[in-house]
Amino acid sequence: MAAEIKAPALRPLPLAPPLLPGAMAGSRPYVASDKMQQALGFPGELAPDWQPKALAKMGELLGRYRSLRVFLDACVHCGACADKCHYFLGTQDPLNMPVARQDLMRSVYRRHFTLPGKLFPRLVGARELTREVLDQWYTYYNQCSECRRCSVFCPYGIDTAEVTMAAKEIMDSVGLGQKYSNEIIAKVHRIGNNLGLPGPALADTLQGLEEDVKEETGADVRFPLDEAGPRCCW
Ligand code: SF4
Ligand code: SF4
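None of the values given here were measured: they were computed from a predicted structure. (Residues numbered from 1 in each chain as written. Chains lettered and ligands numbered in written order. Predicted model: local features only at pLDDT ≥ 70, side-chain atom pairs only at ≥ 80, totals over all residues.)

Asker: Teacher, can you tell me more about the packing of helix α7 (residues 131–141) against helix α9 (residues 160–173) here?
Answerer: Each packed pair of helices is defined by two parameters, the angle between the axes and the distance between the axes. The interhelical angle for the contact between α7 and α9, taken along N-to-C directions, is 130°, at an axis separation of 10 Å. Between α7 and α9, the interaxial angle falls into the category oblique. Like other packed secondary-structure pairs, α7 and α9 cross with a definite hand, here left-handed. For the pair α7 and α9, the contacting residues are W137, Y138 and Y141 in the first and T164, A167, K168 and M171 in the second. Its residues assigned to classes, the contact of α7 with α9 shows five nonpolar, one polar and one charged. (Axes fitted to C-alpha atoms, helices over the stretch in contact; angles between N-to-C directions. Helix = DSSP H or I, 4+ residues; strand = E, 2+ residues; numbered from the N terminus. Parallel < 35°, antiparallel > 145°, perpendicular 65-115°, else oblique. Left-handed = near helix turned anticlockwise from the far one by under 90°. Contact = placed C-beta atoms within 7 Å. Nonpolar A, V, L, I, M, F, W, Y, C, P; charged D, E, K, R; others polar.)

Have a look at this one:
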């Protein structure tokens, strides 16, 4: 006997908000300082030859990650992901649609890494990696939190987060890293903690925490600083 199947009740579809082109064009994080960039092994700032270096890095990533090339080739612009990004829903800026975010890199990929893009750039939406395009990357790839919500809705499984990661890696490699991630990592490397607290300030903070824990719980808990822990025996 066939199983009884009940179709769920139809729900009203949420509507995509109206577009506000350029709404977030002026919103971008501060660039990391040259010292912090250099501490991570990146150039301190954009050098005159940043463009060939950025394209070389892009070629390196395309060779290393087959998925990146597939994602840049496979999109059919169906729009299923367009209204799935909370950054687009919250800002209404069309360049925050996942597909448009990918296209910022896809257009450059087509120009430099595909035959149609080399021969007929205008026909396939191919663009040079100009300073203006790089600035657009900086603005809109830094408005993607790499949450991957959009990829759940893509029929091809295209992962915008991976495209964003590649764009950020390329920008880092030419000296356009952003302050709020690169400076924190550099502080961990140079000073030993993500806040960049000098040793005495960190010791004072930990002592205060020990006192707070004692006051709240009555327990003597130590937060050791720069003390070797027990050696692992396996
Ligand atoms: S859902 Fe996938 S194929 Fe459709 S536009 Fe978005 S990324 Fe492209
Ligand atoms: S991965 Fe980026 S583009 Fe996709 S939904 Fe998350 S923030 Fe938006």
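Text resumes after the structure shown.
Asker: Could you clarify how one ought to interpret the site of ligand 2 in this entry?
Answerer: Residues in contact with ligand 2 amount to 15 residues; listed here are only the nearest, C85, C144, C147, R149 and C150. Secondary structure elements with two or more residues in the shell around ligand 2: α5 (98–113), α8 (149–153) and α9. Ranked by residues supplied to the shell around ligand 2, first place goes to α9 with three residues. Of the residues belonging to the shell around ligand 2, the class tally is seven nonpolar, three polar and five charged. (Near = placed C-beta within 6 Å.)

Asker: It is not clear to me how α9 should be interpreted in this structure. Could you clarify?
Answerer: Three- or four-residue spacings in an α-helix give side chains the same orientation, since the helix completes a turn every 3.6 residues. Compared with an ideal rise of 1.5 Å per residue, which puts 14 residues at 20 Å, α9 spans 20 Å between its outermost C-alpha atoms and is within 8% of the ideal. Of all 14 residues that make up α9, 11 are buried, and the element is covered over most of its length. Within α9, the full set of buried residues consists of T160, E162, V163, T164, A166, A167, K168, I170, M171, D172 and S173. The first or second residue beyond α9 is G175, which carries a positive phi of 95°. (Expected span 1.5 Å × (residues − 1). Buried ≥ 20, exposed ≤ 12 C-beta atoms within 10 Å, placed from the backbone.)

Asker: Help me understand the nonpolar core in this model?
Answerer: For soluble globular proteins, nonpolar side chains are generally found buried alongside one another. Counting residues in each nonpolar core, the largest one holds 31 residues, and the members touching the most others are M105, W137, V163, A166, A167, I170 and M171. Looking at this core, the elements with two or more residues in it are α2 (50–64), α3 (66–74), α5, α7 and α9. Discounting residues that sit within four places of it in the chain, W137 has contacts with L104, A167 and M171. (Core = buried A, V, L, I, M, F, W, Y, C linked by C-beta atoms within 7 Å.)

Asker: Would you mind going over the environment of A7 with me for this structure?
Answerer: With respect to the secondary-structure elements, A7 resides in the segment before α1 (34–39). Spatially, the C-alpha atoms of A7 and Q207 are 61 Å apart, while their sequence positions differ by 200 residues.

Keep in mind that these numbers describe shape and distance, not what the molecule does.
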